[in-house]
Every structure is written in structure tokens, then in C-alpha cells.
Amino acid sequence: MSHLPRLSGRLAEATLQRDLHGLVSRRTMSSTSAFRRIHSQQQQQSAAIGFQQLLLKTPLNRPCAHYHRHHQQQHQQCSNFHTSTPRRNLIEDPRYTPAKVAARAKYPVITAKDAAKKKDMPLEAKMLVRDFIDDSLYHPNYGYFSKQAVIFSPETDFEFEKIKDNMEFLDIIADKYKEIEDDMDVRDEVARQVWHTPTELFKPWYGYAIAKYIVTEYKLNNYPHKDLIIYEMGAGNGTLMMNILDYIQQFEPTVYERTRYRIIEISKKLAQRQGERQEVRDATRRHRCVEVINKSIFEWDTLVPDNCFFVGMEVLDNFSHDLIRYDTVTEEPLQGMVAIDEEGDYTEIYTPVSDPLIQKYLSIRKQTGYRPPVLARRFLRRLRNRLPFAPNMTGPEFIPTKLLLLLETLKTHFPKHRLVLSDFYMLPEAIPGTDAPVVQTRYSGTMVPCSTYMVMPGMFDIFFPTNFELLKDMYQQVCRPSLGMEKSVKVQTQRQFLERYGDLERTRTYSGENPMLMYYENNKMFLS
């Protein structure tokens, strides 16, 4: 999800940001188990003290693979880094005795579903990276989206024509953010995070632009013979749903009579919360065509034979990814896993790819002709392999395997869908790696970035950029294989989309600046 500081620089004081980030960076060997004890006492302590202890106790920068790869020349213990035998771990942690390494090999491999059956965080287990991230974000008890996230939604719409310029608009947003933070319980000062979307900041005009596109395409292809059916995945507060239906009701009343709007979530827990929100209840009373479906999109098993629009705004970024590296000699892919010991400490390990979903993703991607950036410059890589202490694996690459599950669901259960997606294609301050995520937590309105995804589950937002050009090729391989290179599948910037379908006069400030076009320039639209 997106946070306010990403609009045009951080609104909080830079000094606090640097101090906190420096504190995080210096603490690299702390134990998660210690944080568990601190976290249990957090409700009786002040927010400032609680967060300081969180920073000191949480393994935000545990010495994982990329840390040692960048610092190997500074550590004598890495002298045996390059060996003649294949080694799947990029690091050798001196804290792990042979007995511990042997015990780790016997840890059972569990999934996010397995972890969701228990209230406590898993110990003495191994998880694929996508399951580890999925557990961190969506666990029903401690997951980030289960209890930590707060949606920023102004009570009244902004009157842009009365706002002087972009800077005044930022000041207004900052004031509203402060009001939200002041309303938060001090005990939640560390854990709860406020995130926003263009739907909320520019309501109703952003939603009107989406509605105009959908109605235009519907009237060109299906009206008046078929109903307008819209499925929205990850509806948040229900603001986009309300704006789309308000637009159709006001400007296209004949289309509104044939409109059906259905909300589905990426997890059952979120779907239950969706139906409990007052905004959604109000919308369902106002628009009788709305239905909230309490089912995970990844567990969807019902065929929808009708023509429909499938909408997902700012949800792809929180789809869990897998982590792979490649053998620098054979280019064999290796799947990343997170081993969790009895104390709750994390170790990143690698094994030959055996997971069926990873295998399927790599197979389909190969058909598109895509070559990972980490495998570029083969000649230079071969030269480096001849040097002492050369790593035996490439840098990390994060692959959107959960996104592939979504595409397969659309192909199987929504065969006549039209896809409307919007999300980030680039993110600043991401952790090292190709298509790597941003991992961050919040302290008094300041976003503190981390350098690894192996952090305390549920306490940090983990969100990824989307390679939309690769997504287009993958989509055509999975969902439109018989049509070849379908010209109707489009990828365009959000600015291009809004310039065509948005009512730009409504979001123009007194000075002539247009925040709806200026912000979220790192977003793209996917239209099929």
C-alpha cells in the first residue's frame, strides 16, 4: 500500500528519519524472540519507549544473503565463501553449529495456511518466501492487514478550485493525517499504519474516471443486450465502489438499471471486515445492486460465465512473491526459503526449485522470451566466477507467483472478464533485488524503511512493484493464449489514463496545478 510520504517527499522531520534509520541499520544481530517478550509488554508502556525497544529487539537487518554478499570483502570469516561443491546457502552464520544446521534441515515445511491455524507465530519450521510474506500480511491473528492498517479517507471531498497550489494541498493532507494520528490510542502508536490510495485522495473524481472507462467499454461491446457486471477485488473502505455507482446512477441511468457490483477480497478475514464497515453498509443500502462475497479470490471455485469487468486498484503490490536466485555457472534457479529456529530467528536458505507454482511461473515466463536482469552480462559473470571469493549465486529476484494464481483464476472461473488494474511499477527505497519490495514501519507519522523482508510478522508493510510489460506477456500466455498478441490489452501510465477519462478541471488548483496528475506518477494501468 501507499503511504503519504511517497507523494512528494517525506512530510516528517528528516532528522528523526535519519536517526531512526541509523538505529535500525546498526542493530543487525538481535533476536525475534526478545521482541516477542517486549511486544507482550507494549500495551503497558508508552509508544516512544515501545518503538525504541522494537528497533533494538527486532531483526530488521538480520545478516541475510544480500548483506553478506555486499560485505564479504570486509569479513575474514567469508574466506571459504567460494567452494567447489554446490552450496545453497549464501551465508555461513557462525552462531549455527553443525548440530543446529542438521536440526534446521529437519524442520517441517509449512505454508501460510498451516500457520493461520495457530494463534502464535511459527517456530522450528521452514516456509517459502511467499508463505512467509503471506503470513506476515494476512495472518488472521497478527497479520498486518488483519489489525494494523488504517485507511486514510477524508470525511469531505477536497474543493481543489479553492486550494492555492500543490504545496497547500500537501499541507491540508498533512493536517488531516495528524488528526488521525492524534485519535490513535498511544498503545498503538508503533503498530498502526495509515495508508492511502488515489481513490481516497481524489474522490469522487478518480472513481468517476474508472467508471467512465468501464461504461464506455460496456456500451461499445455489450449494451443493451447484457448486464454490466463489475467485480472489485480489495475494495478497502468501499469508496471506489460508491464513486463508480454514483457516476453510473447520475450520468448513465439506463445503464445503472442493468448494473451489478460484487466485492471480493484477497482473504476471508478481510472480506468479513469489509462487510462490517459502516461505509460498505451505507453503500449497500444506497445501491441495492451491491453484493459483498465472503470468499478469498485465491480460493474461488465458482464459474462466472457472464461478461464482466474485474477491477483491482492498488492490490497487486501486496500480493506475496517468491524469491529465487540462480547458480552463477549453470544458471539453475534456486528457490528461497525462510528457516525459523526455536528462538524465532530467521535464516534465508536456498534449494533447487521444487515448488510446483514456482516451476509453472518460470515455465510460462520463459515462453514470453523474458530474461531476468540478474542473468545479464554472461561473459562478465563467467570472468567473475574465476576470481577468489566469487559468489556461487546471483543476486535476488522476486517473482509474483500469487499474481499467476490470480491470472489462472481469471482464466478458469471468469473466462469473459475485462481486467482493470492499477498499481506501482517502481518504488523508491526498496530492499536489494530485482522487483524487490519496500518494507517499512511507522513511528509518529514517519515511515522507517527496512533493508530485509525478514522482519517481525504483522508489524511491517511489505509491498512490491509490478512489471506491467511482463504482466502483459504473462496475461496473454495464460488468459488469451488462442488470440496471440491481443491488441486490446493495454498498459499505460495512470496520467495517460486520467488525461483521457478524468474530469481534470475538477482537480485543478487555483494556480493551475493538478495534483491528480502530479501524484502517483509511479503508477500504471493495465486494461484488457
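Counting restarts for each chain, with residues numbered from 1 along the sequence as it is written. In view of the model being predicted, local features appear only for residues whose pLDDT reaches at least 70, and side-chain atom pairs are presented and counted only at 80 or more, with totals across whole chains, interfaces and linings using the full set of residues. With hydrogens and water excluded, all non-hydrogen atoms of the structure serve as input to the side-chain values.

As named in an unreviewed UniProt entry, the chain is Protein arginine methyltransferase NDUFAF7, taken from Linnemannia gamsii. UniProt positions are given in the numbering used here, feature names are shortened, and annotations may be inferred rather than shown by experiment. Under the Function (unreviewed entry) heading, UniProt states for the chain: "Arginine methyltransferase involved in the assembly or stability of mitochondrial NADH:ubiquinone oxidoreductase complex (complex I)."

## Digging into empty space enclosed by the protein
Grid points spaced at 1 Å and placed over the protein atoms alone form the basis of the search, with a cavity being a set where a 1.4 Å probe fits but cannot get out and a pocket an open set showing protein on both sides within 12 Å along at least five of seven lines. Lining residues have an atom within 4 Å of a point. Grid points are joined across faces, edges and corners, and a volume is the space filled by probe spheres set on the points. Per the stated rule, a full pass over the model turns up six cavities of 30 Å³ or more. Estimates place the volume of the largest cavity at around 190 Å³. If you trace the largest cavity, you find 20 residues lining it, with Y361, P400, L403, N467 and L470 closest to the centre. Looking at the lining of the largest cavity, the elements with two or more residues in it are α16 (356-367), β11 (397-399), α18 (401-413) and α19 (468-478). A run of H or I in DSSP counts as a helix once it spans at least four residues, and a run of E counts as a strand once it spans at least two, with each numbered from the N terminus.

## Structural notes on the packing of aromatic side chains
Note on aromatic contacts: the rings of Phe and Tyr and the six-membered ring of Trp form a pair at centre separations within 6.5 Å, being stacked when their planes are under 30 degrees apart, edge-to-face when over 60 apart, and tilted otherwise. A full pass over the atoms with the stated rule returns 29 aromatic pairs. A centroid spacing of 5.3 Å and a plane angle of 70 degrees characterise the contact between F310 and F414, whose relative ring orientation is edge-to-face. Taken together, the residues F310 in strand β7 (residues 308-313) and F414 in the loop between α18 and β12 (417-424) connect sequence positions 104 residues apart. An identical accessibility class is assigned to F310 and F414; each is buried. Here the aromatic residues F158, F160, F169, F202, Y519 and Y520 are joined through ring pairs into a cluster of three or more. The rule for a charge over a ring is simple: NZ of Lys or CZ of Arg within 6 Å of the ring centre, and within 35 degrees of the ring normal. For K402, the ring lying beneath its charged end belongs to F298, and the centroid distance is 4.2 Å. Only protein chains enter the accessibility calculation, which uses a 1.4 Å probe; a residue is then buried when its area is under 20% of its type maximum, exposed when over 50%, and partly exposed in between.

## Re the sheet that holds strand β17 (residues 523-527)
Pairing between two strands is assigned when DSSP locates at least 2 bridges connecting them. As summarised here, the arrangement of the seven strands in space is β6-β5-β4-β7-β12-β17-β16, forming an open sheet in which the pairing is mixed. Every interior strand has two partners, whereas the edge strands, β6 (290-296) and β16 (490-493), have only one. The sheet shows a mean angle of 20 degrees between the axes of neighbouring strands, direction not considered. Across six bridges, the pairing between strand β4 (residues 228-233) and strand β5 (residues 259-265) is parallel. Note that in β5 the partner of M233 across the bridge is I264. Strands in contact with helix α11 (residues 205-221) are β4, β7, β12 and β17; relative to β7, the strand with the most contacts, it is inclined by about 160 degrees. Contacts were defined at the residue level, with two residues in contact if any of their heavy atoms lie within 4.5 Å. Axis lines are fitted through C-alpha atoms, for helices just across the contact stretch, and the angle between N-to-C directions can take any value from 0 to 180 degrees. Here helix α20 (residues 494-501) sits on the sheet in contact with β12, β16 and β17, set at roughly 90 degrees to β16.

## Brief notes about unusual backbone geometry
Leave glycine aside and you will find that most residues have negative phi; peptide bonds, for their part, are mostly trans. Here K203 and P204 are connected by a cis peptide whose omega angle stands at -5 degrees. Residue position: P204 is located in the loop between α10 (198-201) and α11. Geometrically, the link from Y223 to P224 is a cis peptide bond, its omega value of 0 degrees lying close to zero. Relative to the helices and strands, P224 is located in the loop between α11 and β4.

## Things to note about a nonpolar patch on the surface
By definition, no residue in a patch forms a salt bridge, and every one has over 30% relative accessible area; like charges are joined within 9 Å, nonpolar side chains (Val, Leu, Ile, Met, Phe, Trp, Tyr) within 5 Å. Method for areas: the Shrake-Rupley scheme with a 1.4 Å probe, in which residue coverage is limited to the protein chains shown. The salt bridge definition used is simple: a Lys or Arg side-chain nitrogen within 4 Å of an Asp or Glu carboxyl oxygen. A cluster of nonpolar residues, F379, L380 and L383, forms a patch on the protein surface that exposes about 330 Å² of accessible area. Here L380 shows up in helix α17 (residues 378-385).

## Brief notes about the pairing of β7
Where a strand is regular, its side chains alternate between the two sheet faces. Counting buried residues in β7 gives six out of six residues, a clear majority hidden from the surface. Here β7 shows no split at all, with C308, F310 and G312 on one side and F309, V311 and M313 on the other all buried. One ladder, built from three bridges, connects β4 with β7; its direction is parallel. Along β7, the bridge assignment pairs E232 with V311. Looking at chain direction, β7 and β12 are connected through six bridges and run parallel. Considered in β12, the bridge of M313 is made with S422.

## Focus on the environment of Y206
Mapped onto the fold, Y206 is located in helix α11. Of the residues examined, Y206 reaches a relative accessible area of 0% and is grouped as buried. Y206 sits 292 residues away from L498 along the chain, and the two C-alpha atoms are 8.0 Å apart. Setting aside residues up to four positions removed in sequence, Y206 forms contacts with P198, T199, M313, E314, S422, Q494, L498, M516 and M525.

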